[in-house]
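Examining the three-dimensional arrangement
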Amino acid sequence: MQAQGFIQDIGYDVNNFWEESNALATANDMDTNLAYMYKMVEKSQGNFRLDKKILADYGAKVELFPGVKTWFKRIRDYGQKT
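Residues numbered from 1 in each chain as written. Predicted model: local features only at pLDDT ≥ 70, side-chain atom pairs only at ≥ 80, totals over all residues. Heavy atoms only, no water.

1. Describing the pattern of salt bridges
Inspection of every chain in the model, using the stated rule, returns six salt bridges. As a salt-bridge pair, lysine 73 and aspartate 77 come within 2.7 Å of each other at their nearest N and O atoms. Within this pair, lysine 73 and its partner aspartate 77 are both found in helix 5 (residues 68–81), separated by four residues, close to a single helical turn. Each of Glu20, Lys39, Glu42 and Lys43 takes part in one network of salt bridges that share partners. (Salt bridge = Lys/Arg side-chain N within 4 Å of Asp/Glu carboxyl O. Helix = DSSP H or I, 4+ residues; strand = E, 2+ residues; numbered from the N terminus.)

2. Let's talk about helix 2 (residues 14–27)
Under the 1.5 Å per step criterion, the end-to-end length of helix 2 is 20 Å for 14 residues, consistent within 8% with the ideal 20 Å. When we look at burial in helix 2, the residues that qualify are Phe17, Ser21 and Ala25. All buried residues of helix 2 fall inside an arc of 65° around its axis, so they share one side. Opposite the buried face of helix 2, by more than 90 degrees, sit the exposed residues Asn15, Glu19, Thr26 and Ala27. Residues of helix 2 that are buried make contact with helix 1 (6–9) and helix 3 (32–44). For helix 2, the N-terminal capping position is held by aspartate 13, with its side-chain oxygen 3.2 Å away from the main-chain nitrogen of asparagine 15. Following helix 2 by one or two positions, aspartate 29 adopts a phi angle in the positive range, close to 50°. (Expected span 1.5 Å × (residues − 1). Buried < 20%, exposed > 50% of the residue type's maximum accessible area, 1.4 Å probe, protein only. Arc of directions from axis to C-beta. Contact = heavy atoms within 4.5 Å. Polar contact = N/O pair within 3.5 Å; in protein donor to acceptor, adjacent residues only side chain to side chain.)

Structure follows, in structure tokens:
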């Protein structure tokens, strides 16, 4: 989601965003997921209000990898067979 519109919409370079996010995680011994979420909040300030609706809107635009939509049914079916 981040690299499929959000980062671009805040006027930020995708590679710079991830470099800063990973550096933040390393420097603070923090989880990389929490670091990029922190950077999302930080970088959205002054651009737009980051809220549940905005995140849902970006999430709805994400192009899923082939097979993702059917993965849970397939893995459940596989688990029931074994």
